[in-house]
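Chain residues, written in single-letter form:
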Amino acid sequence: MTGRTRVIGSAAAVAALTGLVLLVAHPDPRLAWLAAMPLMAALWAAFAAGAWLVRQAPLRWAVALILVGGIAVQLAALSGPPRSSDDLYRYIWDGRVQAAGFDPYQYVPAAPQLVAVRDPFLWNTRAPHCVPAGAKAAMAHGETLTAGCTRINRPTAPTIYPPVAEAYFLAVSYLSPWLGRGSTPIQAAAALCAIATTIVLLLGLRSLGRDPRLAALWAWCPVVALEAGNNAHVDVLAAGITAGALLAAAKAARLRRSLAGGVLLGLAFATKMTPILVTPALLRRRGLAVLSAAAAAAGLVYLPHVLRVGGGVLGFLPIYLSQEGYDSGSRFGLLDLLVPDRWATVTAFAVLAVTALAVLRRSDPDQPWRGALVMTGVALAVTTPGYPWYSMLLVMLVAFDGRAEWLAFGAAMHLSGEHPLPGVTLTATMAERIGYGAAVLIVVAVSAVRWAHARRAQPRPVPIRPVVISTVVASPVAASPVAASFTSASSVGG
């Protein structure tokens, strides 16, 4: 296949991918009979074809296609309202609360102190989440709340998002007059984060001597398109900051680069908790410096909120973990098949601890993304979250590493819904088990093939045969120049 053919094929795949993303963002009522799984399967198939074709395309054309295609899919995704998550309404609310002078961890959305911040977009009688009269807050001493209906999920609970995420929400709130109305500003901000991460990958991979075309695994991935541009999840910002931390750590010839990597890691952790999974891989080089810088950066951004609200900075996180079933052990979809619920949490901690120790001891400090990818993938397999956006960090790591089989965890929730095919209905738990179980099998199978291929490709040692050296005894002949020359040459040759 020629380079020109690959460029044309890659462009066609990206065009198909963009069209499918548009169909997700603007569902056609005439296709309502079609279940979600076939559409998602077509989306992932277009992505796989494009990523495979662009890998062998001429570099200059490939880089241009990756960037243009990444922009196209994000624009297509943000052109419609969020389709599978309402988290972004909390983002909008937290930004407006801060712009009004309140700490985001101070009051729950339905608190009477925030009535003046309400607006018709987030608070109206047609909204799905309603607070009845006399309701009490989930925390904050159980104060009586103001009744009303809102788009914000869990309006009686405090925010769950860390300080860097809250600063991002505030920045988007200030920029909203220029970015649009409704949910468009936060969707546009997430799309810009995804595009910026694509640029970081294109430049960073090249500076590391790796193939920049690997960036297509991030830029065109359906997880990034749907969960950034459409659902606007803050995970995209955390993934982008983590990418910067990996680049700094991989090129840490001097102490200041290690410190920079640590600072970025701390900021990523203060955006979303998931980047903590990258930590073991980054501790292989100047671990104390990286860990100290990360702790200092995270502590610095938390400090103003701690001084104002104390332990309230944890927000909804403890209740969230309990509601999701992680404390009781009922949330570990695959482990629950092997051990009782009461042992699942302990088993999960043990598996993650062993994996972290293995990554810490064996990870290559020049390629920290490889160990981080294993750690993140194992964490997804163990915790089996029901939300596709939790895999965005893993998608970024795959773009660094190139082992595309790990993207099966990103596809797990897109391709194993509760209504996968017309006439087929699954429980949420069964759908998650099928999705994550298939992902584990794919990763194990492909990894085994890679290992076997690497074993066959290793050069075999060549046996050394003993060399017999014989001694030539010269006959007593007449000494002549010709005879002497011949005898000497024969001895050397023998």
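Up top is the structure these notes are about.
Analysis parameters
- Residues numbered from 1 in each chain as written.
- Predicted model: local features only at pLDDT ≥ 70, side-chain atom pairs only at ≥ 80, totals over all residues.
- Heavy atoms only, no water.
- Helix = DSSP H or I, 4+ residues; strand = E, 2+ residues; numbered from the N terminus.
- Buried < 20%, exposed > 50% of the residue type's maximum accessible area, 1.4 Å probe, protein only.
- Contact = heavy atoms within 4.5 Å.
- Disulfide = S-S within 2.5 Å.
- Phe/Tyr/Trp six-rings, centres within 6.5 Å; stacked < 30°, edge-to-face > 60°.
- Lys NZ or Arg CZ within 6 Å of the ring centre and 35° of its normal.
- Expected span 1.5 Å × (residues − 1).
- Bend = angle between axes of the 7 residues up to and from the residue.
- Core = buried A, V, L, I, M, F, W, Y, C linked by side-chain atoms within 4.5 Å.
- Salt bridge = Lys/Arg side-chain N within 4 Å of Asp/Glu carboxyl O.

## Remarks on the overall build of the protein chain
And then number 1: Helices and strands together make up the secondary structure of the protein chain, namely 19 helices and two strands.
And then number 2: Along the first, second and third principal axes, the C-alpha set of the protein chain runs to 125 × 55 × 50 Å.
And then number 3: Counting over 494 residues, the protein chain shows a buried share of 48%.
And then number 4: Within the protein chain, residue pairs in contact and separated by at least 24 positions form 74% of the contacts whose partners lie at least 6 positions apart.

## Some details on the state of the cysteines
And then number 1: Under the criterion given, the structure shown has one disulfide.
And then number 2: In this model, C130 is linked to C149 through a disulfide, with the two sulfur atoms separated by 2.0 Å. Judged by the sign of its S-S torsion, about 105°, the bond between C130 and C149 is right-handed. Linking C130 in strand β1 (residues 129-131) with C149 in strand β2 (residues 148-150), this pair joins segments that are 19 residues apart in sequence.
And then number 3: Given the relative accessible area of 45%, C130 is considered partly exposed.
And then number 4: On the basis of relative accessibility, which here comes to 18%, the residue C149 falls in the buried class.
And then number 5: No disulfide involves C193; its sulfur sits 17 Å from the nearest other cysteine sulfur, which is in C221.
And then number 6: You can call C221 buried: its relative accessible area is 0%.

## Here's the deal with unusual backbone geometry
And then number 1: A positive phi angle is found at R286, which is not glycine, with a value near 50°.
And then number 2: Tracing the backbone through its elements, the reader meets R286 in the loop between α11 (279-282) and α12 (287-309).
And then number 3: The phi torsion at T384 lies on the positive side, around 40°, for a residue other than glycine.
And then number 4: By secondary structure assignment, the location of T384 is in the loop between α15 (368-383) and α16 (392-401).
And then number 5: The class of T384 is buried, set by a relative accessible area of 1%.

## Thoughts on the packing of aromatic side chains
Describing an aromatic ring pair means giving the distance of the ring centres and the angle of the ring planes.
And then number 1: Inspection of every chain in the model, using the stated rule, returns 14 aromatic pairs.
And then number 2: Judged by centre distance (5.8 Å) and plane angle (50°), the ring pair of Y168 and F169 falls under tilted. One exposure class covers both Y168 and F169, and it is buried.
And then number 3: In this structure an aromatic cluster arises from ring pairing among Y91, Y161, Y168 and F169.
And then number 4: Stacked on the ring of W123, the Lys or Arg R118 has its end atom at 3.7 Å from the ring centre.
And then number 5: Above the face of the Y390 ring, K272 is positioned so that its terminal group lies 4.6 Å from the ring centre.

## Digging into the side chain of T376
And then number 1: Note that T376 resides in helix α15.
And then number 2: What T376 contacts, discounting residues up to four positions off in sequence, is L277, L393, L394 and L397.

## A few points about α12
And then number 1: Compared with the 33 Å implied by 1.5 Å per residue over 23 residues, the 32 Å span of α12 between its first and last C-alpha is a close match.
And then number 2: In α12, a bend of some 40° at Y302 exceeds every other bend along the element, and P304, a proline, comes one to four places later.
And then number 3: On its buried side, α12 packs onto α5 (163-179), α10 (255-269) and α11.
And then number 4: G310 sits one or two positions beyond α12 and adopts a positive phi of about 65°.

## What to know about the environment of T125
And then number 1: In this structure, T125 sits in the loop between α4 (87-99) and β1.
And then number 2: Using a relative accessible area of 74% as the deciding quantity, one classes T125 as exposed.
And then number 3: T125 sits 52 residues away from V73 along the chain, and the two C-alpha atoms are 34 Å apart.

## Some details on the nonpolar core
And then number 1: Counting 130 residues, the largest nonpolar core has Y168, W218 and W220 as the members making the most contacts within it.
And then number 2: Among the elements that take part in this core, helix α9 (residues 235-250) stands out by supplying ten residues, more than any other.
And then number 3: Setting aside residues up to four positions removed in sequence, W218 forms contacts with A194, T197, T198, L201, V224, V236, A239, M392, V395, M396 and A399.

## A short note on the pattern of salt bridges
And then number 1: For the structure on display, the rule yields eight salt bridges.
And then number 2: D401 is the partner of R370 in a salt bridge, and the nearest nitrogen-oxygen pair spans 2.6 Å. Taken together, the residues R370 in helix α15 and D401 in helix α16 connect sequence positions 31 residues apart.
And then number 3: Among the residues examined, R370 registers a relative accessible area of 36% and is labelled partly exposed.
And then number 4: We note a salt bridge from R450 to E405, for which the minimum N-O separation is 3.0 Å. Of this pair, R450 sits in helix α18 (residues 428-457) while E405 sits in the loop between α16 and α17 (408-411), and the two are 45 residues apart along the sequence.
And then number 5: A relative accessible area of 8% places E405 in the buried class.
And then number 6: One salt-bridge network, held together by shared partners, links R55, D211 and R213.

Distances and angles like these do not, on their own, reveal function.
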